[in-house]
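# Observations on chain architecture
Chain by chain, the residues run as shown.
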Amino acid sequence: MYLSREFRAVTQARILDPEDGTLSDPRDIILHEGRIAAIAAPGEVDARDDEVLDAGGRVVMPGLIDAHVHVTASTADLARLGETSPFLVAAQAQQLMGQMLLRGFTSVRDAAGADYGLAEAVERDLFVAPRLFFGGKALSQTGGHGDVRGPGSQVIDDHACCPHIGIVCDGVSEVRRAARAQLRTGAHHVKVMLSGGVASPTDRVDSTQFSDEEILAIVEEATGANRYVLGHAYTARAVNRGLRLGVRSIEHGNLIDETSIPLFREYDAFLVPTLVTYDRLKAEGSEHGLPPASQRKVDDVLSYGLGALKLATDGGVNVVFGTDLLGGMQQHQSREFLIRAEVASPQQIVRSATTTAARLLQAEGELGVVAPGAHADLLVVEGNPLEDITLLADPATTLAAVLKGGRQAVAPAA
């Protein structure tokens with residue numbers, strides 16, 4: 001895959017505004033050095049210029065944001081991932097990220113695994129990929145969601161070159177050091193495991209993890225670096241505790257209840273549901289390496305996800321698009337749109353993958369909008385996602401063009 005030379009304009013574009021839920025009359029989008037310079041009346045740009053992309057009256061919307069991916073997770077067997085060559089992991093990440101871009105995801109937030117090296121490679125255009133917001137390794141207590149050892153294992157290799165997605169740390173001093181280690185590399189966020197999870201072998205999904213003092217220390221370190229904490233959590237008990245302690249972004253949240261909603265609003269926090277991953281883990285997790293112990297835990301959260309999403313959406317929570325797919329299941333990334341459409345409106349879903357996600361990423365005005373000053377990350381869509389959000393679930397058919405920084409992503413010839 002490659003990026004075309006930079007376009008200087010996209011003409012005859014019906015611009016989608018995620019906040020207003022409206023489409024403009026045909027307009028010309030003027031581009032300069034990878035950003036949107038101006039929105040102009042049609043006819044000001046010569047559409048015959050080969051540096052101009054003619055949208056032909058199609059909908060043009062901001063590039064999509066997936067706020068929960070694992071670009072280094074080429075398998076669902078996370079213990080085996082840590083024993084893989086980091087060079088192989090990086091090569092596989094390059095391929096996975098390129099496929100994400102072709103689906104219209106021009107920015108992604110990695111929720112554990114990716115490091116500064118991958119982010120710098122993307123920044124330097126060493127390979128074609130979405131913009132990458134990384135956090136390094138997730139922080140886990142011993143026996144927590146990021147501890148991939150089985151009950152009979154005693155040793156874990158936490159070396160920086162070992163591509164585990166988490167690091168085990170216990171006590172206030174250790175968690176401070178671990179958080180600082182991620183922030184030292186330029187991490188955009190710090191992830192902490194607040195509860196048990198599906199892909200870890202020895203914890204219960206309904207457990208809480210880390211002490212209040214440990215979580216507060218992690219939040220303090222992130223806040224001091226003008227970054228934020230995202231927390232893996234399922235139950236209302238784990239979610240509510242994290243929100244009260246300053247965690248800004250809750251991942252999953254399948255088991256929240258009515259007590260969680262006012263806390264999200266009080267702290268202006270974000271919920272990142274990842275419904276497609278449970279759908280796919282149930283259907284094909286075993287063939288992609290999910291260990292039997294983890295397969296048995298999928299049902300603990302699978303059936304509650306849609307209810308939690310509806311509760312949060314109806315309650316006015318900042319809901320953000322995420323997927324959390326592992327290994328070969330990442331090909332189903334766009335299926336999340338289909339699942340969310342069962343309980344949320346097209347505009348709500350579009351906002352979750354554009355403007356609300358951009359605010360979570362601290363990139364308001366730069367991502368998630370088609371406006372002067374924003375990155376020229378644009379999708380040319382066949383049809384109107386505000387009327388039928390499922391269009392975005394079939395990117396191979398409905399995306400006429402994907403632009404990142406004003407340059408079109410082009411798939412290799414078959």
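So, here is what we can say about the structure in this document. (Residues numbered from 1 in each chain as written. Predicted model: local features only at pLDDT ≥ 70, side-chain atom pairs only at ≥ 80, totals over all residues. Heavy atoms only, no water.)

## Details of the packing of helix 4 (residues 172-184) against helix 5 (residues 212-224)
Filter applied, for reference: Interaxial angles span 0 to 180 degrees and are taken between N-to-C directions of axes, which are lines fitted to C-alpha atoms, for helices over the stretch in contact. The way it works is that DSSP assigns letters per residue, a run of H or I at least four long becomes a helix, a run of E at least two long becomes a strand, and they are numbered from the N terminus. Between 65 and 115 degrees an angle is taken as roughly perpendicular, under 35 as roughly parallel, over 145 as roughly antiparallel, and anywhere else as oblique. Throughout, a crossing is termed right-handed when the near helix is turned clockwise from the far one, and left-handed when it is turned anticlockwise from it by less than a right angle. Any two residues having at least one pair of non-hydrogen atoms within 4.5 Å are treated as being in contact. Here the term charged refers only to Asp, Glu, Lys and Arg, the term nonpolar to Ala, Val, Leu, Ile, Met, Phe, Trp, Tyr, Cys and Pro, and the term polar to all other amino acids, Gly among them.
Two elements in contact, helix 4 and helix 5, have axes separated by 9 Å at closest approach and are oriented at 25°. In terms of orientation, helix 4 and helix 5 fall into the roughly parallel class. For the pair helix 4 and helix 5, the crossing hand works out as right-handed. In contact with V172, V175, R176, A179, R180 and L183 of helix 4, helix 5 contributes E213, E214, A217, I218, E220, E221 and A222. A class-by-class count of the residues in the contact of helix 4 with helix 5 yields seven nonpolar, no polar and six charged.

## Digging into the nonpolar core
As a reminder of what qualifies: By nonpolar core is meant a set of buried Ala, Val, Leu, Ile, Met, Phe, Trp, Tyr and Cys residues that side-chain atoms within 4.5 Å join together. Burial classes: relative accessible area under 20% of the type maximum marks a residue as buried, over 50% as exposed, and values in between as partly exposed (1.4 Å probe, protein chains only).
Ranked by internal contacts, the top residues of the largest apolar core, which has 51 residues, are L139, I250 and F264. Looking at this core, the elements that each hand over two or more residues are helix 4, strand 13 (189-193), helix 5, strand 14 (228-235), helix 6 (236-244), helix 7 (260-266), helix 8 (275-284) and helix 11 (305-314). In terms of residue count, helix 5 provides more of this core than any other element does, five residues in total. If near-sequence neighbours (up to four positions away) are discounted, L139 is found in contact with I167, C169, V175, A178, A179, Q182, V190, K191, V192, M193, F210 and I218. One finds M100, A121, A344 and L399 within the second-largest nonpolar core, a separate group that totals 38 residues.

## Here's the deal with the packing of aromatic side chains
Note the following rule: Within 6.5 Å between ring centres, the rings of Phe, Tyr and Trp (the latter by its six-membered ring) count as paired, and their orientation is classed by plane angle as stacked under 30 degrees, edge-to-face over 60, tilted in between.
A full pass over the atoms with the stated rule returns four aromatic pairs. Considering the side-chain rings of F105 and F321, the 5.6 Å spacing of their centres and the 35° angle between planes classify their relative orientation as tilted. Placement of F105 in strand 9 (residues 105-110) and of F321 in the loop between strand 17 (318-319) and helix 12 (335-340) is noted, with a sequence separation of 216 residues between them. Exposure remark for F105: the relative accessible area of 0% places this residue in the buried category. Summarising the aromatic geometry, the rings of Y234 and Y278 are spaced 6.2 Å apart at their centres and angled 65° between planes, so their arrangement reads as edge-to-face. Placement of Y234 in strand 14 and of Y278 in helix 8 is noted, with a sequence separation of 44 residues between them.

## Here we look at the pattern of salt bridges
Two side chains that carry opposite charge are able to pair once their charged atoms sit near each other. Rule in force here: One side-chain nitrogen of Lys or Arg within 4 Å of one carboxyl oxygen of Asp or Glu is enough to make a salt bridge.
Summed over the entire model, instances satisfying the criterion amount to 19 salt bridges. Where D377 meets R131, a salt bridge forms, and the shortest distance between an N and an O atom there is 2.8 Å. Of the two residues, D377 is situated in the loop between helix 14 (355-360) and strand 18 (378-381) and R131 in strand 10 (residues 131-133); the sequence distance between them amounts to 246 residues. For D377, a relative accessible area of 4% puts it in the buried group. Its relative accessible area of 19% is what places R131 among the buried residues. The network of salt bridges with shared partners includes R176, R180, E220 and E221.

## Considerations on the environment of L230
Along the chain, L230 falls in strand 14. For L230, a relative accessible area of 0% gives the class buried. Considering only alpha carbons, one finds L230 and L132, 98 residues apart in sequence, at a separation of 16 Å. With residues up to four places along the chain from it excluded, the contact list for L230 reads R109, A111, H189, V190, K191, V192, V247, S249 and E251.

## Description of the pairing of strand 5 (residues 35-40)
We apply this condition: A pair of strands is considered paired only if DSSP assigns at least 2 bridges between the two.
Here strand 4 (residues 27-32) runs beside strand 5; their pairing, made up of five bridges, is antiparallel. Note on strand 5: the bridge partner recorded for L31 is I36.

## Some points on helix 8
An α-helix turns once every 3.6 residues. As a result, residues three or four positions apart point the same way. Most of helix 8 is tucked away, with seven of its 10 residues classed as buried. All of the buried residues along helix 8 are L275, V276, T277, Y278, R280, L281 and E284. Residues of helix 8 that are buried sit in contact with strand 14, strand 15 (249-255), helix 10 (299-302), helix 11 and helix 12.

## Focus on the layout of surface pockets
The test is simple: The rule is simple: put a 1 Å grid over the protein atoms alone, call a set of points where a 1.4 Å probe fits but cannot get out a cavity, call an open set with protein on both sides within 12 Å along at least five of seven lines a pocket, and count a residue as lining if it has an atom within 4 Å of a point. Grid points are joined across faces, edges and corners, and a volume is the space filled by probe spheres set on the points.
Approximately 460 Å³ is the volume found for the second largest pocket. Considering the residues around the second largest pocket, the lining is formed by 18 residues, among which V122, E123, R131, H375 and K404 are closest to the centre. No other element matches the four residues that helix 3 (residues 116-123) contributes to the lining of the second largest pocket. Grouping the constituent residues of the lining of the second largest pocket by class yields seven nonpolar, four polar and seven charged.

## Here we look at the environment of V59
As for its placement among the helices and strands, V59 is situated in strand 7 (residues 59-62). Each C-alpha atom of the pair V59 and N384 lies 6.4 Å from the other, and the pair is 325 residues apart in sequence. When sequence neighbours within four positions are dropped, the list of residues in contact with V59 reads R14, L16, L23, L379, V380, V381, G383, N384 and P385.

## So, the sheet that holds strand 8 (residues 64-69)
In spatial order, the strands read 8-9-10; together these three strands make up an open sheet with parallel pairing. Looking along the sheet, the strands with just one partner apiece sit at the ends: strand 8 and strand 10. In this sheet, adjacent strand axes meet at a mean angle of 20° when their direction is disregarded. Most of the contacts of helix 2 (residues 86-102) go to strand 9, to which it runs at about 135°, and overall it touches strand 8, strand 9 and strand 10.

## Some details on helix 2
In plain terms, the rule: By this rule the span expected of a helix is its residue count minus one, scaled by 1.5 Å. Within 3.5 Å is the distance limit for a polar contact, defined as a pair of N or O atoms, with the added protein rule that one can donate a hydrogen and the other accept it, and that residues adjacent in sequence qualify only through two side-chain atoms.
In this model, helix 2 (17 residues) spans 25 Å end to end at C-alpha, consistent with the 24 Å of a helix rising 1.5 Å per residue. For helix 2, the capping residue at the N-terminal end is S85, with a side-chain oxygen 3.1 Å from the backbone nitrogen of F87.

## Digging into the side chain of R241
Looking at where R241 falls in the secondary structure, it is placed in helix 6. R241 sits in the buried class, given a relative accessible area of 18%. Reaching out from R241, the side chain makes a polar contact with the backbone oxygen of F210 at a distance of 2.4 Å. Ignoring sequence-local partners within four residues, the contact set of R241 consists of T208, Q209, F210, S211, D212 and I215.

## Observations regarding unusual backbone geometry
The residue D125 is not glycine, and still its phi comes out positive at about 60°. For D125, the position within the fold is in the loop between helix 3 and strand 10. You will see that H252, though not glycine, has its phi angle at about 85°, which is positive. With respect to the helices and strands, the residue H252 is situated in strand 15. Under the relative-accessibility criterion, H252 is labelled buried at 3%.

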